[in-house]
Amino acid sequence: MIQVNGDGMEWQDGLTVRGVLVYRNFRFPLLIITVNGELIQPKAYDTTLVPDEAEVQVIHLMSGG
Amino acid sequence: MTQFVFDPTKVMDIDFTKRTEYLEGLEAIKAAHKVLKEITFTPSLPDKGYNNRSLYVNVGTLEVKEKPVTQQMKDVFIGGRGFGLWHLWNAVKPTTRWNDPENEIIISPGPVAGITQYAGTGKSLVVSLSPQTDIPIDSNVGGYFGPLLKFSGFDALEIQGKSECDVIVFIDGQKGIIRIEEAPQDPVDSHVLAEVLTHMYAENQADMVNISVVCTGAAAEHSLVGMLNFSWWDLRRGCIRLKQAGRGGIGTVFRNKKIRAIVCRGPQVKGDLNHVADFETIAKTGIKYHKEIRTNDPYQCMMRRNGTAHIVEIMDAYDLLPTHNFQYGSHPDTHKIDSAYWQSRCTQKTVDGCWYGCSMACAKGADGLVVKTGPYKGHTVTVDGPEYENAAGLGSNCGVFDPDYLLELNFYCDTYGICTITYGTLCAFVMECYQRGILNKERTGGLDMTWGNAEDDLEMMHQMARGEGFGVIAGQGVKKMKELFIKNGWGDPQLINDIGMENKGLEYSQYLSKESLAQQGGYALTNKGPQHDEAWLIFMDMVNKQLPTFEAKAEALYYFPLFRTWFGLNGFCKLPWNDVVPSNNAQQPEAHKIPEHVQNYVDIFSATTGIKIDKDELIHQSAKVYNFQRVFNIRMGKGLRKDDHAPFRSLGPVTSEEYLSRQERYDKQIAEEMKLDPTAMTLEEKMAAHRSWRQGRYEQLTDAVYKRRGWTPNGVPTLERLKELGLDVFPEVVDVVKLHL
Ligand code: SF4
């Protein structure tokens with residue numbers, strides 16, 4: 001189990017940052033993502049593995065409005 | 001993530017220079033003009049952003065005069081919305097209503113407006129007493145008028161009085177002439193009128209870009225929801241384009257004064273007409289920003305390709321796209337009106353900025369629309385937009401997912417002078433009332449207002465423009481429709497009040513706020529009413545969970561409304577602030593504020609005016625105007641806690657269908673937040689529990705926000721707060737507040 005913005009999410013082997021975004025349907029382009037406090041650059045979303053028990057923050061910048 | 005790669009092969013092949021022309025009767029229209037008053041003035045250019053004078057025109061008495069812009073005005077009110085509110089305060093009494101001659105329309109661009117080195121610097125703020133809310137309304141608009149007015153020599157234009165005949169106010173900033181002309185034969189609707197007047201007042205083809213027309217359309221004469229169009233000449237397309245000061249019915253005030261148009265002819269815009277204090281800093285900041293746009297926009301919001309419509313499918317994905325009168329947040333047909341469609345439908349061969357130098361260039365145009373209904377049936381037109389609000393309001397919120405109809409609704413709103421946001425919300429309300437039997441064909445005079453029936457939706461709009469039938473009732477707006485339907489006994493008063501999405505008399509703009517308490521406050525704990533330009537906190541609150549406590553939400557509802565007020569004091573567009581971000585933004589403290597861009601604004605203000613500020617002073621500048629506006633509302637008999645109540649549809653599920661559509665979410669909240677057992681409750685009990693929990697939280701939020709803003713529990717700025725802000729120098733302001741302490 002991992003935490004994404006404070007909500008629980010099932011963990012599975014090989015889960016990447018991109019996998020978290022797809023699972024949560026986070027489609028917004030202006031994101032700041034940290035995994036256990038470490039900032040992940042957009043180009044690394046496909047390759048960065050999310051470990052079990054991780055604390056993932058997906059901060060959506062405002063845009064809109 | 002939703003990143004469509006731009007594919008030029010998908011862009012429709014539409015000739016963007018082809019459209020119906022309306023110049024045939026130009027000479028006769030011009031010949032019928034009669035000069036009622038003409039004065040001369042000495043044109044001037046600003047010094048450090050200010051001309052230090054404003055222009056007063058009374059269309060009733062024909063008085064035209066210059067007024068000084070004092071140091072105190074600049075210190076306290078800065079410009080733009082601040083100047084508008086100050087002029088209006090001095091013009092009206094607490095008993096003044098929107099259609100009294102002393103009500104004014106003030107257009108002011110702000111000290112920074114008109115610089116061409118940074119993106120989004122051509123905005124004007126329009127202020128008036130609103131026919132919908134009876135308090136001051138402010139509306140932010142692009143187009144060239146504001147900067148051209150300033151480069152003619154005036155920091156603001158105050159229009160007062162009521163004419164007996166249709167008039168045009170012409171300000172010639174090249175020749176130094178101001179004329180009030182009777183205009184008996186001029187066309188009424190904006191896309192025709194702005195084209196005719198641009199040709200009439202330009203002295204030659206090259207002069208077209210120096211003309212901007214402010215006008216409205218037929219619906220502004222028969223409704224309370226009229227808006228103002230501000231034009232500019234699109235050189236590449238060879239036609240006029242329009243931007244809208246939409247909210248609150250200022251177009252209705254305009255026509256009530258019998259103004260057909262205000263036309264400004266300014267000087268040729270170039271380099272540094274603002275005569276700023278430090279041009280080098282502005283140029284350097286601009287170059288850095290333009291580079292950021294070029295590099296990052298294709299990978300971020302794609303504003304240059306899609307405009308603000310880029311968020312249609314994003315709002316749908318996050319269950320935030322208002323659907324069927326804000327009942328739901330998504331719809332299976334959203335893909336028909338998403339940004340991929342608009343990218344292919346909007347012309348991509350030209351850069352669309354609504355003021356010189358805007359590299360964000362989001363003012364997309366859909367060319368070649370052949371109109372199917374109404375007085376312009378068969379005409380080929382260019383439609384500005386659709387912006388997100390139009391796609392959501394005229395589209396999903398009314399169940400209209402046919403993009404051609406959506407464009408036609410957008411076109412007619414613009415040319416008839418109807419605010420698209422307001423129309424979307426009022427039509428969605430009408431449609432829901434129709435669906436629930438509050439309205440029927442007999443009551444609508446034969447209109448079938450079933451969800452998605454775009455033809456009858458358009459017919460209602462045509463009626464509004466003709467001043468006929470049910471369109472006239474709809475044109476009174478949601479608040480007055482609610483009162484009428486309840487008075488006529490057409491439905492359950494509580495249901496009608498719950499689903500009518502207005503606060504203070506203004507219709508909600510197009511975001512679903514049910515799951516974001518902070519945004520509920522962002523809408524209703526506002527000065528003018530529920531427009532998202534004060535605060536848009538849905539992601540911070542609902543998705544990021546960055547605002548877990550009432551105090552955190554209150555802090556956001558302190559900072560962002562003040563930060564965003566500042567754009568309107570200076571003539572900035574909000575979009576370049578946060579629709580692109582620097583590549584290293586994520587590494588910055590308080591990344592959600594986009595600190596590098598905030599610093600850009602601080603630098604540009606300082607470099608324009610020569611007055612050094614920092615980011616705290618920026619907020620302080622706004623706080624003065626924001627609190628002054630709150631006191632103004634109180635002076636007009638509103639602006640208290642009772643006026644900040646929100647309709648329940650904005651707070652939570654009103655009907656069983658809404659509840660059942662998101663039952664898992666709502667049941668979970670009952671279990672986790674309310675510590676009740678949903679399995680042991682009936683649907684009615686669960687809905688009642690939600691109502692009391694959500695209303696209770698909204699009241700707690702209100703308490704926290706008022707406290708943070710330095711207001712009493714009744715929403716009145718305290719004397720200490722006025723003193724902190726330096727507003728205690730105005731005895732009248734203090735007197736208003738004292739009555740409520
Ligand atoms: S970002 Fe868009 S709306 Fe704002 S000034 Fe630029 S073109 Fe106009």
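Further up the page is the structure itself.
Remember, it's a predicted structure, so these values are computed and weren't measured experimentally.

Peer 1: Residues and numbers for the site of the ligand, please.
Peer 2: Residue and element names in this part refer to chain B. Close contacts around the ligand come from 13 residues, with Gly120, Cys354, Cys358, Cys362 and Cys573 the closest. When each cavity is represented as a set of grid points, the ligand is found to reside in the largest cavity. Considered class by class, the residues forming the shell around the ligand number 8 nonpolar, 2 polar and 3 charged. Here the shell around the ligand spans two domains, and each of domain 1 (26–265) and domain 2 (279–507) adds at least three residues to it.

Peer 1: Before we move on, could you go through the interface of chain A and chain B and cite the residues and values that matter?
Peer 2: Counting residues at the interface gives 24 residues for chain A, matched by 33 residues for chain B. Summing both partners gives a buried area of about 2500 Å² for chain A against chain B, and 61% of it is carried by carbon and sulfur. Across the chain A-chain B interface, the total number found is 1 salt bridge. Two residues, Asp7 of chain A and Lys545 of chain B, come together in a salt bridge whose shortest N-O distance is 2.8 Å. At the junction of chain A with chain B, the criterion picks out 6 residue pairs in polar contact (both at pLDDT 80 or more). Those elements that place two or more of their residues in the side of chain A that touches chain B are α1 (17–23), β3 (31–35) and β5 (55–60) of chain A. Sorting elements by how many residues they give to the side of chain A that touches chain B places β5 of chain A first, with 4 residues. Partitioning the side of chain A that touches chain B into residue classes produces 13 nonpolar, 8 polar and 3 charged.

Peer 1: Please give an account of the environment of Arg241 of chain B that cites residues and values.
Peer 2: All names here are of chain B. Mapped onto the fold, Arg241 is located in strand β12 (residues 239–245). Here the alpha-carbon distance between Arg241 and Ser212, two residues 29 residues apart in the chain, equals 9.8 Å. Excluding residues within four positions of it along the chain, Arg241 makes contact with Phe230, Ser231, Trp232, Asp234, Asp352, Ala363, Lys364, Gly365, Thr382 and Asp384. One polar contact links the side chain of Arg241 to the main-chain carbonyl oxygen of Ala363, over a distance of 2.9 Å.

Peer 1: Give a detailed account of empty space enclosed by the protein, specifying residues and quantitative values.
Peer 2: Residues and elements named next belong to chain B. The tally for this structure, following the rule as stated, stands at 8 cavities of 30 Å³ or more. In terms of lining residues, the largest cavity is bounded by 49 residues, among which Lys123, Asn140, Glu387, Gln531 and His532 are the most central. The set of elements that each furnish at least two residues to the lining of the largest cavity consists of β6 (136–141), β12, α11 (388–395), α12 (403–416), α13 (420–435), α20 (550–570) and α21 (575–578). No other element matches the 4 residues that β6 contributes to the lining of the largest cavity. A volume near 200 Å³ is recorded for the second largest cavity. Taken together, 17 residues line the second largest cavity, and the ones lying closest to its centre are His191, Ile240, Val381, Thr382 and Phe411. Listed by contribution, the elements that provide at least two residues to the lining of the second largest cavity are α5 (190–201), β12, β15 (380–384) and α12. A per-element tally of the lining of the second largest cavity places β15 first, with 5 residues. Across the lining of the second largest cavity, the residue classes tally to 7 nonpolar, 5 polar and 5 charged.

Peer 1: Outline unusual backbone geometry, supporting the account with residue identities and numerical values.
Peer 2: Of note in this structure, Asp134 of chain B is not a glycine but carries a positive phi near 65°. Although it is not a glycine, Ile594 of chain B sits at a positive phi angle of roughly 55°.

Peer 1: Outline the side chain of Arg81 of chain B, listing residues and values.
Peer 2: Residue and element names in this part refer to chain B. Considering the arrangement of structural elements, one finds Arg81 in helix α3 (residues 81–91). When its relative accessible area of 6% is taken as the criterion, Arg81 is described as buried. One polar contact links Arg81 to Gln629, side chain to side chain, over a distance of 2.9 Å. Those residues in contact with Arg81, other than ones at most four positions away along the chain, are Leu125, Val127, Asp138, Asn527, Thr565, Gly568, Leu569, Tyr626 and Gln629.

Peer 1: Requested: an account of the packing of helix α18 (residues 517–524) of chain B against α20 of chain B, with residues and values cited.
Peer 2: Residue and element names in this part refer to chain B. The N-to-C vectors of α18 and α20 enclose an angle of 35°; their axes lie 10 Å apart at closest approach. Here the hand of the crossing between α18 and α20 comes out right-handed. Across from Leu517, Ala518, Gly521 and Gly522 in α18, the residues of α20 making contact are Phe550, Lys553 and Leu557. Its residues placed into classes, the contact of α18 with α20 shows 4 nonpolar, 2 polar and 1 charged.

Peer 1: Describe the sheet that holds strand β13 (residues 259–265) of chain B, with residues and values.
Peer 2: Residues and elements named next belong to chain B. Sheet architecture is open: 7 strands sit in the order β1-β9-β8-β13-β10-β11-β12, paired in mixed fashion. Across the chains shown, the open sheet's two edge strands, defined by having one partner strand only, are β1 (34–40) and β12. With direction set aside, neighbouring strand axes in the sheet form an average angle of 20°. Summarising the sheet, strand β10 (residues 211–215) and strand β11 (residues 228–234) pair through 2 bridges and their orientation is antiparallel. Bridge pairing in β11 places Val214 opposite Phe230.

Peer 1: Which residues make up the layout of surface pockets, and what values go with them?
Peer 2: Volume-wise, the largest pocket comes out at about 1400 Å³. Residue lining of the largest pocket: 33 residues in total, with Asp7 of chain A together with Met542, Lys545, Arg665 and Gln669 of chain B positioned closest to the centre. Within the residue set of the lining of the largest pocket, elements represented by two or more residues are β2 (7–9) of chain A together with α19 (538–543), α20, α26 (663–672) and α27 (683–709) of chain B. With 5 residues, α26 of chain B is the largest single contributor of residues to the lining of the largest pocket. Among the residues forming the lining of the largest pocket, the class breakdown is 12 nonpolar, 5 polar and 16 charged.

Peer 1: Tell me about the pattern of salt bridges, and name the residues and values.
Peer 2: Residue and element names in this part refer to chain B. Within this structure, the stated rule accounts for 59 salt bridges over all chains. Salt-bridge contacts for Arg237 lead to Asp234; the nearest nitrogen and oxygen are separated by 2.9 Å. For the pair formed by Arg237 and Asp234, the shared burial category is buried. Linking Arg241 and Asp234 is a salt bridge whose minimum nitrogen-to-oxygen distance equals 2.8 Å. In this structure, Arg241 and Asp234 share a single accessibility class: buried. Bridged by salt links that share partners, the residues Arg19, Asp234, Arg237, Arg241, Asp352, Lys364, Asp367 and Asp384 form one connected network.

Peer 1: Describe in detail the packing of aromatic side chains, supporting the description with residues and values.
Peer 2: All names here are of chain B. Scanning the model with the defined rule gives 48 aromatic pairs over all chains in all. Ring geometry for Trp566 against Phe605: centres 5.9 Å apart, planes inclined by 55°, an arrangement best described as tilted. You can see Trp566 sitting in helix α20 and its partner Phe605 sitting in helix α22 (residues 595–609), a full 39 residues away along the chain. One exposure class covers both Trp566 and Phe605, and it is buried. Members of the aromatic cluster, connected to one another through ring pairs, are Tyr118, Tyr289, Tyr559, Phe560, Phe563, Trp566, Phe567, Phe572, Trp577, Tyr601 and Phe605.

Peer 1: How would you sum up the nonpolar core? Please name residues and give values.
Peer 2: Residue and element names in this part refer to chain B. Of all hydrophobic cores here, the largest spans 217 residues; its most connected members are Met315, Tyr423, Met460 and Phe485. It is α20 that provides the largest number of residues to this core, a total of 11 residues. Setting aside anything within four residues of it in sequence, one finds Met315 in contact with Leu320, Leu321, Gly329, Tyr388, Tyr511, Trp536 and Phe539. Core analysis: the next-biggest nonpolar cluster, separate from the first, contains 42 residues, Leu149, Phe230, Ile262 and Trp355 among them.

Peer 1: Run through the pairing of strand β9 (residues 177–182) of chain B, naming residues and quoting values.
Peer 2: Looking along a regular strand, one sees the side chains alternate between the two faces of the sheet. Residues and elements named next belong to chain B. Taking burial as the measure, the 6 residues of β9 include 5 buried ones, the bulk of the element. As paired strands, β1 and β9 are joined by 6 bridges and run antiparallel to one another. Along β9, the bridge assignment pairs Thr40 with Ile177. Direction of pairing for strand β8 (residues 167–172) relative to β9: antiparallel, over a ladder of 6 bridges. Across the sheet, the residue bridging to Ile171 is Ile178, located in β9. Here β8 folds back onto β9 in antiparallel fashion, the turn holding 4 residues, of which Gly176 has a positive phi close to 75°.

Rules and cut-offs
Residues numbered from 1 in each chain as written. Chains lettered and ligands numbered in written order. Predicted model: local features only at pLDDT ≥ 70, side-chain atom pairs only at ≥ 80, totals over all residues. Heavy atoms only, no water. Near = heavy atom within 4 Å. 1 Å grid on protein atoms, 1.4 Å probe; cavity = no way out; pocket = protein on both sides within 12 Å on 5 of 7 lines; lining within 4 Å. Sits in = over half its atoms within 2 Å of the grid points. Nonpolar A, V, L, I, M, F, W, Y, C, P; charged D, E, K, R; others polar. Domains from an automatic or database assignment. Contact = heavy atoms within 4.5 Å. Buried area = accessible area lost by both parts, 1.4 Å probe. Salt bridge = Lys/Arg side-chain N within 4 Å of Asp/Glu carboxyl O. Polar contact = N/O pair within 3.5 Å; in protein donor to acceptor, adjacent residues only side chain to side chain. Helix = DSSP H or I, 4+ residues; strand = E, 2+ residues; numbered from the N terminus. Points joined across faces, edges and corners; volume = space filled by probe spheres on them. Buried < 20%, exposed > 50% of the residue type's maximum accessible area, 1.4 Å probe, protein only. Axes fitted to C-alpha atoms, helices over the stretch in contact; angles between N-to-C directions. Left-handed = near helix turned anticlockwise from the far one by under 90°. Pairing = 2+ DSSP bridges. Phe/Tyr/Trp six-rings, centres within 6.5 Å; stacked < 30°, edge-to-face > 60°. Core = buried A, V, L, I, M, F, W, Y, C linked by side-chain atoms within 4.5 Å.

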